[in-house]
Amino acid sequence: MTDRPIYYLACPDCKKKVSPNDNNMGYYCEKCQKAKPDCKPTYNFTVGIGDFTTRIFASVLGEQVGEQMLGMSARDIKALIDMPPSGESSQYGPPISAEFKQVLDKLKYSKSVFLIKAKMDTYSMGSDNQENRVRYTIVKQLDASLREENHMLLQRLSSYEKKRF
């Protein structure tokens, strides 16, 4: 994890990033071209996901998936991040509160099933050099039930068997 927060402050109407007003009274949305009295913290972070074959990094954007993964709203996470740090240095970057560390530690090495969207992006690496990269975004976190997953796989296998004969 980097020093970048796992959320951004969003306009409650259009969901675009807002900036604090000059007088520190409310926020300003460039897209709506309006001052807003309040903003909505919205998840935007990257997680490493792996199994026995490989590891990928996927983005988490928006409230639904972030709440599923962390078990609380981005507003509640912001409150934990804003708490005074526990003083101890952490592997997550600068010192963080003990409560926020507990939330992050619960995620490490946890088992989950995700619905992931993959998109091929082309990046320009100079005048004639272009590089294709796959960008992954988590769309939904599904319940990780081995029983249900095995049942679904058995149904899929039986459908292939029926097609074969």
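For the structure, check the block above.
Now for a quick tour of the structure. (Residues numbered from 1 in each chain as written. Predicted model: local features only at pLDDT ≥ 70, side-chain atom pairs only at ≥ 80, totals over all residues. Heavy atoms only, no water.)

### Brief notes about the sheet that holds strand 8 (residues 130–142)
Line of reasoning, step 1. Pairing within the open sheet is mixed, and its five strands lie in the order 1-5-6-8-7. Each of the sheet's edge strands pairs with one partner strand only, and the pair in question is strand 1 (7–10) and strand 7 (113–124). The mean inter-strand angle of the sheet, taken between neighbouring strand axes irrespective of direction, is 30 degrees.
Line of reasoning, step 2. The sheet contact formed by strand 7 and strand 8 spans twelve bridges and is antiparallel. Considered in strand 8, the bridge of Ile116 is made with Ile138.
Line of reasoning, step 3. Strand contacts of helix 1 (residues 63–70): strand 5 (40–50), strand 6 (55–61), strand 7 and strand 8, with the helix running at about 60 degrees to strand 5, the strand carrying the most contacts.
Line of reasoning, step 4. Lying over the sheet, helix 2 (residues 74–82) contacts strand 1 and strand 5, oriented at roughly 85 degrees with respect to strand 5. (Pairing = 2+ DSSP bridges. Helix = DSSP H or I, 4+ residues; strand = E, 2+ residues; numbered from the N terminus. Axes fitted to C-alpha atoms, helices over the stretch in contact; angles between N-to-C directions. Contact = heavy atoms within 4.5 Å.)

### Examining a nonpolar patch on the surface
Line of reasoning, step 1. Together, Leu115, Val139 and Leu142 make up a nonpolar patch on the protein surface, roughly 230 Å² of accessible area in all.
Line of reasoning, step 2. Topologically, Leu115 is positioned in strand 7.
Line of reasoning, step 3. We classify Leu115 as partly exposed; its relative accessible area is 45%. (Patch = residues over 30% accessible without salt bridge, like charges linked within 9 Å, V, L, I, M, F, W, Y side chains within 5 Å. Areas by Shrake-Rupley, 256 points an atom, 1.4 Å probe, with all protein chains shown as cover. Salt bridge = Lys/Arg side-chain N within 4 Å of Asp/Glu carboxyl O. Buried < 20%, exposed > 50% of the residue type's maximum accessible area, 1.4 Å probe, protein only.)

### So, the pattern of salt bridges
Line of reasoning, step 1. For the coordinates displayed, the defined rule picks out six salt bridges.
Line of reasoning, step 2. For the salt bridge of Glu131 with Arg133, the shortest nitrogen-to-oxygen distance reads 2.9 Å.

### Concerning the state of the cysteines
Line of reasoning, step 1. Per the counting criterion, the structure on display carries zero disulfides.
Line of reasoning, step 2. The cysteine Cys11 is free of any disulfide, with Cys14 supplying the nearest cysteine sulfur at 3.8 Å.
Line of reasoning, step 3. Cys11 gets classed as buried once you look at its relative accessible area, which sits at 1%.
Line of reasoning, step 4. For the unlinked cysteine Cys14, the closest cysteine sulfur is that of Cys29, found at 3.5 Å. (Disulfide = S-S within 2.5 Å.)

### Re helix 1
Line of reasoning, step 1. Restricting attention to buried positions, one finds in helix 1 the residues Glu63, Val65, Gly66, Met69 and Leu70.
Line of reasoning, step 2. Those residues of helix 1 hidden inside the fold are in contact with strand 5, strand 6, helix 2, helix 3 (98–107), strand 7 and strand 8.
Line of reasoning, step 3. Of the residues flanking the end of helix 1, it is Gly71, one or two places downstream, whose phi is positive at about 80 degrees.

### Observations regarding the nonpolar core
Line of reasoning, step 1. Ranked by internal contacts, the top residues of the largest apolar core, which has 26 residues, are Ile6, Phe45, Ile77 and Ile138.
Line of reasoning, step 2. Counting residues per element, the ones that place at least two in this core are strand 1, strand 3 (27–29), strand 5, strand 6, helix 1, helix 2 and helix 3.
Line of reasoning, step 3. No other element matches strand 5, which puts four residues into this core.
Line of reasoning, step 4. Discounting chain neighbours no more than four positions away, the residues touching Ile138 are Val47, Ile49, Ala58, Ser59, Val60, Val65, Met69, Phe114, Leu115 and Ile116. (Core = buried A, V, L, I, M, F, W, Y, C linked by side-chain atoms within 4.5 Å.)

### Description of helix 3
Line of reasoning, step 1. All buried positions along helix 3 are accounted for by Phe100, Val103 and Leu104. Buried residues along helix 3 cover an arc of 90 degrees about the axis, so they all sit on one side. The exposed residues of helix 3 that point more than 90 degrees off its buried face are Gln102 and Lys106.
Line of reasoning, step 2. Against the buried residues of helix 3 lie helix 1 and helix 2.
Line of reasoning, step 3. Positive backbone phi, at 60 degrees, marks Tyr109, one or two positions downstream of helix 3. (Arc of directions from axis to C-beta.)

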